[in-house]
Amino acid sequence: MVAPSEEPSFFNRVYQVVKQIPYGRVTSYGAVAKFLGAAKSARMVGYAMNASHNIPEVPAHRVVNRKGLLTGKHHFEGSNLMQQLLESEGISVLNNQIQNFDVLFWDPTKEL
């Protein structure tokens with residue numbers, strides 16, 4: 001059994017999930033929260049993504065809101081960096097909305 005002080009923080013647990021989102025796929029804050037057993041903590045997942053910008057191996061740009069909107073884009077440097085990163089992976093974005101969101105959606109509950 002792991003001592004409570006040795007258990008990963010919520011943010012680190014979020015990062016472990018987000019690191020597994022495949023290239024060219026996206027998930028939602030809520031899907032990550034639900035996978036972690038904290039279904040009502042989507043906002044906390046957003047806070048974790050905002051805090052992850054100095055951790056290059058965490059692809060925060062692949063986490064969007066439940067409708068596929070780039071609600072976290074203002075936390076990236078420049079006005080369109082989040083969109084540019086997604087488009088570099090072949091994801092089409094129109095008016096801050098991921099196109100074909102239902103096809104590109106990666107559900108950690110089903111995939112992990």
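Residues numbered from 1 in each chain as written. Predicted model: local features only at pLDDT ≥ 70, side-chain atom pairs only at ≥ 80, totals over all residues. Heavy atoms only, no water.

Focus on the overall build of the protein
Move 1: Along the backbone of the protein there are six helices and four strands.
Move 2: For the protein, the N- to C-terminal ordering of α and β elements is α-β-α-α-β-α-β-β-α-α.
Move 3: The C-alpha atoms of the protein give 14 Å as radius of gyration, which agrees with the globular expectation for 112 residues (13 Å, within 12%).
Move 4: Burial analysis of the protein (112 residues in total) assigns 38% to the buried set.
Move 5: Here the contacts in the protein between residues at least 6 apart in sequence split such that 64% fall between residues at least 24 apart.
Move 6: Carbon and sulfur atoms make up 51% of the accessible area of the protein, which totals about 6,700 Å².
Move 7: Here the protein holds 11 positive side-chain charges and 9 negative ones, and the gap between their average locations is 9 Å. (Helix = DSSP H or I, 4+ residues; strand = E, 2+ residues; numbered from the N terminus. Rg over C-alpha atoms; globule rule 2.2 N^0.38 Å. Buried < 20%, exposed > 50% of the residue type's maximum accessible area, 1.4 Å probe, protein only. Contact = heavy atoms within 4.5 Å. Areas by Shrake-Rupley, 256 points an atom, 1.4 Å probe, with all protein chains shown as cover. Lys, Arg positive; Asp, Glu negative; His and termini not counted. Charge placed at Lys NZ, Arg CZ, Asp CG, Glu CD.)

Quick look at the layout of surface pockets
Move 1: In this structure, the largest pocket spans a volume of roughly 350 Å³.
Move 2: Forming the walls of the largest pocket are 21 residues, and the residues nearest its centre are Y29, R43, G46, Y47 and T71.
Move 3: Listed by contribution, the elements that provide at least two residues to the lining of the largest pocket are α2 (29–35), α3 (42–50) and β2 (63–64).
Move 4: Ranked by residues supplied to the lining of the largest pocket, first place goes to α3 with six residues. (1 Å grid on protein atoms, 1.4 Å probe; cavity = no way out; pocket = protein on both sides within 12 Å on 5 of 7 lines; lining within 4 Å. Points joined across faces, edges and corners; volume = space filled by probe spheres on them.)

So, helix α4 (residues 81–88)
Move 1: For α4, the complete set of buried residues consists of M82, Q83 and L86. For α4, the angular spread of buried residues about the axis comes to 95 degrees, placing them on one side.
Move 2: The inward-facing, buried residues of α4 contact β2, β3 (93–94) and β4 (97–98).
Move 3: Just beyond α4, the residue with positive phi is G90, at close to 85 degrees. (Arc of directions from axis to C-beta.)

Concerning the nonpolar core
Taken as a class, soluble globular proteins show a tendency for nonpolar side chains to be buried jointly.
Move 1: Residues V14, V18, M49, L86 and I98 are the most contacted members of the largest nonpolar core, which totals 27 residues.
Move 2: Where this core is concerned, the elements lending two or more residues are α1 (10–18), α2, α3, β2, α4 and α5 (101–104).
Move 3: With four residues, the top contributor of residues to this core is α1.
Move 4: Among residues more than four places away in sequence, those in contact with I98 are V26, V64, G68, L70, L86, I91, S92, V93 and L104. (Core = buried A, V, L, I, M, F, W, Y, C linked by side-chain atoms within 4.5 Å.)

Some thoughts on the packing of aromatic side chains
Move 1: Scanning all chains against the criterion turns up two aromatic pairs.
Move 2: Residues F101 and F105 carry aromatic rings whose centres are separated by 5.5 Å and whose planes lie at 65 degrees to one another, so their mutual orientation is edge-to-face. (Phe/Tyr/Trp six-rings, centres within 6.5 Å; stacked < 30°, edge-to-face > 60°.)

Some details on the environment of V103
Move 1: Looking at where V103 falls in the secondary structure, it is placed in helix α5.
Move 2: Residues V103 and V26 lie 77 residues apart in sequence; the distance between their C-alpha atoms is 9.6 Å.

Looking at the pattern of salt bridges
Move 1: The tally for this structure, following the rule as stated, stands at one salt bridge.
Move 2: Two residues, R62 and E89, come together in a salt bridge whose shortest N-O distance is 2.8 Å. Taken together, the positions of R62 in the loop between α3 and β2 and E89 in the loop between α4 and β3 put the pair 27 residues apart, joining distant regions of the chain. (Salt bridge = Lys/Arg side-chain N within 4 Å of Asp/Glu carboxyl O.)

Remarks on unusual backbone geometry
Move 1: Notably, N96 is not glycine yet its phi reads approximately 65 degrees, a positive angle.
Move 2: For N96, the location among the structural elements is in the loop between β3 and β4.
Move 3: The partly exposed category is assigned to N96, whose relative accessible area is 28%.
Move 4: At N100, a position not held by glycine, the phi torsion is positive, near 60 degrees.
Move 5: Here N100 shows up in the loop between β4 and α5.

Taken by themselves, the reported measurements are silent on function.
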